[in-house]
2 protein chains.
Amino acid sequence: MSQPYSRVFNFSAGPCTLPVSALEEARDGMLNWNGSGMSVMEMSHRGKVYEGIFSETEANLRKLLGIPENYKILFLQGGASFQNTMIPMNYLREGQTADYVVSGAWGKKSQEAAKLIGNVHTAFDGKAGNYNDVPDLESLQYSDDPAYIHFTTNETIHGVEIASDPSLKAPVVCDMSSDILSRPVDISKYALIYAGAQKNMGPAGVTVVIIRDDLVAKVPEKQHPMMDYKLMVENDSMYNTPPCWGIYVCGLVYKWVIAQGGLAAMNKLAKDRSSLIYEAVEASGGFYKGHALPASRSIMNVTFTLGSDELTDKFIKEAKAEKLDGLKGHRSVGGCRASIYNAFPVEGCQVLANFMEDFAAKNG
Amino acid sequence: MSQPYSRVFNFSAGPCTLPVSALEEARDGMLNWNGSGMSVMEMSHRGKVYEGIFSETEANLRKLLGIPENYKILFLQGGASFQNTMIPMNYLREGQTADYVVSGAWGKKSQEAAKLIGNVHTAFDGKAGNYNDVPDLESLQYSDDPAYIHFTTNETIHGVEIASDPSLKAPVVCDMSSDILSRPVDISKYALIYAGAQKNMGPAGVTVVIIRDDLVAKVPEKQHPMMDYKLMVENDSMYNTPPCWGIYVCGLVYKWVIAQGGLAAMNKLAKDRSSLIYEAVEASGGFYKGHALPASRSIMNVTFTLGSDELTDKFIKEAKAEKLDGLKGHRSVGGCRASIYNAFPVEGCQVLANFMEDFAAKNG
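Residue indices begin from 1 for each chain and proceed along its sequence in written order. Here the convention is simple: chains get letters from A, ligands get numbers from 1, in the order in which they are written. Residue-level local features of this predicted model are given only where pLDDT is at least 70; pairs of side-chain atoms are given and counted only at 80 or more, and the full residue set underlies all totals for whole chains, interfaces and linings. With hydrogens and water excluded, all non-hydrogen atoms of the structure serve as input to the side-chain values.

**Brief notes about the interface of chain B and chain A**
- Facing 58 residues of chain B, the contacting portion of chain A comprises 58 residues.
- By definition, the buried area sums, over both parts, the 1.4 Å-probe accessible area that each loses when the two are put together. Taking both sides of the interface into account, the surface hidden between chain B and chain A amounts to around 4,500 Å²; carbon and sulfur atoms contribute 65%.
- On the chain B side of the contact with chain A, B:L31, B:M41 and B:E42 bury the most area, a combined 16% of that side's loss.
- Counted as salt bridges are all cases of a side-chain nitrogen of Lys or Arg within 4 Å of a carboxyl oxygen of Asp or Glu. The interface formed by chain B and chain A contains two salt bridges. Should any heavy atoms of two residues lie within 4.5 Å, those residues are considered in contact.

Next comes the structure, spelled out in structure tokens:
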């Protein structure tokens, strides 16, 4: 199967595949965007042309996720990692405790960053099973009156996912970096959602924050400017120069998602993609072993192992020769990982599933 | 004079004009970079292909600026504004004082951010002359044994520039956002240099930090990860996902600068560009008034005023009709500002100078 522009099937965990139509539009406007006489990379962020791009991008994200009016949208820098510090720096005060649900490497990183700032209670840690399982968030024991409860919807390294919006009594803070826009979300269940763009939204270097008004108001006095959500909201993400190009590309992706039918359509595609690979794992009679327990399986990152490191290396090498790229798993799980975000073509998963079947038959 | 691709002459203060050849290369690789089968925006930052782009970019910057081996180069997020907090958070301890030279709006912003963290001594503040003047850094009175001395080489809003490398007894920390790569620099005079990319280097969303090894070693224990220079150095700017695309475009710009003859050539071009406009100001017999005093004039941002707001508006409107874009000055100076960074074509300054002469003749 030939891909447009001789592209490969790119299974990278992020940055990752973007929609071909978005890339074509980015290419076509590179020297002179829409008659403006300049590239989007060259536009003043304070000018009317870029302002139009920015506000359309924001409005489309609001529409896609159904973000209520009492939430603000920010486009920041620093990635989810920076949010891991910015959140407790604003909302974890002395004498308070923040609860962290650790269902994988990213939840762990968030928790570690918060520990440098204040008291942390670990409400769940899936370490014993090497993070192959996610908890039922509504049944966990939380501390009394926590400042907030933090969890990570999708763990890219381990391939487990919490794909529901919990009803909890404390403010819910959520890292949705790797599955945002892959299903409809009930935003009202959350106080703050953050997501690095480089999985389902655009290039690396943009972080989306969706923050409820009461949290904006709660920023402490004399906060450092670049860590001050209130300042960011007051300046509509332009206290300083934003990552203009990245936001523009996110906007192209949002338009593509809308054209595909929105988040319900994205969710169906994600289930179709991941099912093809999970079924290939199951049909292999043990040649491939899935890392995540079935009920915790991610529809964004499929993790599986083979019988030996040699076999894994051979698999990855032969897959690459078939233009199936980026399948090496993270060292903490080993084996393989197929990251299949929104823009990943379904046919690429069929090609991988066929390859897996052939490879198992030849090497089983 | 017709520009390629019907582009305008873009006098924006940043983001701003990039080299046409860099934009063409960015465009041409958009769907499939160099046979990799993917866009640079889609590449894993941990993969060999991107690693090659990153290390070539870093090496070219080191070569261009002649950065000695005892300095590390970082490509971070957050802009110069984030550095304004990160620097004192790492190097301004209790009981210490940091000295700030305030020669414009950006120096002021740096100083304000530091005041939230520790003791600050203002070694110079050009406020009385509305920042039309820069001091001789080697003659200023500094505090005893300051943690560091901070200054801003070029003030984009006021159009004044300190274009020399001072010999000072304390560690020198410098914001070079808006004139980096416009002249050869003696890096050894500095402890830490930082610069947002969106003037002379590339798109917004990348911040270059050049940091001497002894400062890397001095990062306090238990620093927040995203504010920890040591962690950033240890991870070669990839503690988390870097702004990959922006770094790639910086690399294209570095290659262009090298092809033009390096920093001496950039300096000559900058002087040629700015002279054309300063001469038009002076030849106008007072119709245009330069804001900066002659000895403090920036070769990157030329600020000048006209006799009234009405005349200014008319000038900007008629200039825009001639494809001379982005000439409106900042409200704190008023009038006009021509930002003419490295990639700005010299002929655009000639066109502006001619326009200024005509406009003065018609409206004087």
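So that's the structure; there's more coming.
**Some remarks on the packing of helix α3 (residues 79–91) of chain A against helix α4 (residues 105–115) of chain A**
Residue and element names in this part refer to chain A.
- Interhelical geometry of α3 versus α4 gives an angle of 40° and a closest axis separation of 8 Å. As judged from the angle between their axes, α3 and α4 are oblique. Both α3 and α4 take part in a crossing whose hand is right-handed. Across the interface between the two elements, S81, N84, T85 and P88 from α3 touch W106, K109, S110, A113 and A114 from α4.
- Here the residues of the contact of α3 with α4 sort into four nonpolar, four polar and one charged. What counts as an axis is a line fitted to C-alpha atoms, over the stretch in contact for a helix, and the angles between N-to-C directions run from 0 to 180 degrees. Only DSSP runs of H or I with at least four residues qualify as helices, and only runs of E with at least two residues qualify as strands; both kinds are numbered from the N terminus onward. In this scheme, roughly parallel covers angles under 35 degrees and roughly antiparallel covers those over 145, while 65 to 115 is roughly perpendicular and the rest are oblique. Crossings are assigned a handedness: left-handed for a near helix turned anticlockwise from the far helix by less than a right angle, right-handed for a clockwise turn. All amino acids are sorted into three groups, where Ala, Val, Leu, Ile, Met, Phe, Trp, Tyr, Cys and Pro are nonpolar, Asp, Glu, Lys and Arg are charged, and the leftover types, Gly among them, are polar.

**A few points about the sheet that holds strand β8 (residues 172–175) of chain B**
Residues and elements named next belong to chain B.
- The seven strands lie next to each other as β2-β10-β9-β8-β5-β3-β4, forming an open sheet whose pairing is mixed. Edge positions in the sheet fall to β2 (71–76) and β4 (119–125), since each of these pairs with one other strand and no more. Looking at each pair of strands side by side, their axes are set apart by 15° on average, direction ignored.
- Contacting β3 (97–102), β4, β5 (149–152) and β9 (192–196), helix α4 (residues 105–115) crosses the sheet at an angle of about 160° to β3. The pairing criterion for strands is at least two bridges between them, as found by DSSP.

**Quick look at the relation of the copies chain B and chain A**
- In the superposition of chain B on chain A (RMSD 0.0 Å, axial shift 0.0 Å), the rotation amounts to 180°. Put plainly, the chains are arranged around a two-fold axis. Minimal C-alpha distance to the rotation axis in chain B is attained by B:R27, lying at 2.4 Å.
- The share of interface residues of chain B whose copies in chain A are also at the interface is 100%, consistent with both copies meeting through the same surface. Least squares is the method used to superpose the copies, on C-alpha atoms of residues holding a pLDDT of at least 70 in both.

**With respect to the packing of helix α8 (residues 262–283) of chain A against helix α10 (residues 346–363) of chain A**
Residues and elements named next belong to chain A.
- Contact geometry for α8 and α10: axes closest at 9 Å, N-to-C directions at 0°. In terms of axis orientation, α8 runs roughly parallel to α10. Packed against α8, whose contacting residues are L269, R273, L276, I277, A280 and V281, the element α10 presents V346, C349, Q350, L352, A353 and M356 at the interface.
- Looking at the contact of α8 with α10 residue by residue, the class counts come to ten nonpolar, one polar and one charged.

**Regarding the pattern of salt bridges**
- Inspection of the entire model under this criterion finds 25 salt bridges over all chains.
- For the salt bridge of A:D214 with A:R212, the shortest nitrogen-to-oxygen distance reads 2.7 Å.
- Linking B:E112 and B:K115 is a salt bridge whose minimum nitrogen-to-oxygen distance equals 3.9 Å. Residue B:E112 and its partner B:K115 are located together in helix α4, separated by three residues, close to a single helical turn.
- Working definition: with a 1.4 Å probe on protein chains only, accessible area under 20% of the residue-type maximum means buried, over 50% means exposed, and in between means partly exposed. Among the residues examined, B:E112 registers a relative accessible area of 36% and is labelled partly exposed.
- According to the relative accessible area criterion, B:K115 is partly exposed, its value standing at 45%.

**Re empty space enclosed by the protein**
- Here a cavity denotes grid points, spaced 1 Å and computed from the protein atoms alone, that fit a 1.4 Å probe unable to get out, and a pocket denotes an open set having protein on both sides within 12 Å along at least 5 of 7 lines; residues with an atom within 4 Å of a point are the lining. Grid points are joined across faces, edges and corners, and a volume is the space filled by probe spheres set on the points. All chains considered together, the criterion is met by seven cavities of 30 Å³ or more.
- Computed from the structure, the largest cavity encloses a volume of approximately 240 Å³.
- Those elements that place two or more of their residues in the lining of the largest cavity are β2 (71–76) and α3 of chain A together with β2 and α3 (79–91) of chain B.
- Partitioning the lining of the largest cavity into residue classes produces 16 nonpolar, nine polar and no charged.
- Its volume calculated, the second largest cavity comes out at about 110 Å³.
- Of all elements in the fold, only α7 (244–260) of chain A together with α7 (244–260) of chain B reach the threshold of two or more residues within the lining of the second largest cavity.
- Here the element with the most residues in the lining of the second largest cavity is α7(A); it accounts for three residues.
- Here the residues of the lining of the second largest cavity sort into eleven nonpolar, four polar and no charged.

**So, unusual backbone geometry**
Residue and element names in this part refer to chain A.
- The omega torsion of the bond from G14 to P15 falls at -5°, within 30 degrees of zero and hence cis.
- As for its position among the elements, P15 is in the loop between β1 (9–10) and α1 (20–28).
- Phi angles above zero are rare outside glycine, and S6 is one such case at about 55°.
- Relative to the assigned elements, S6 resides in the segment before β1.
- The backbone of K222 sits at a positive phi, close to 55°, despite the residue not being glycine.
- Turning to its location among the elements, K222 is positioned in the loop between α5 (213–217) and α6 (229–234).
- For K222, a relative accessible area of 71% corresponds to the exposed category.

The quantities given are spatial measurements derived from coordinates; they are silent on function.
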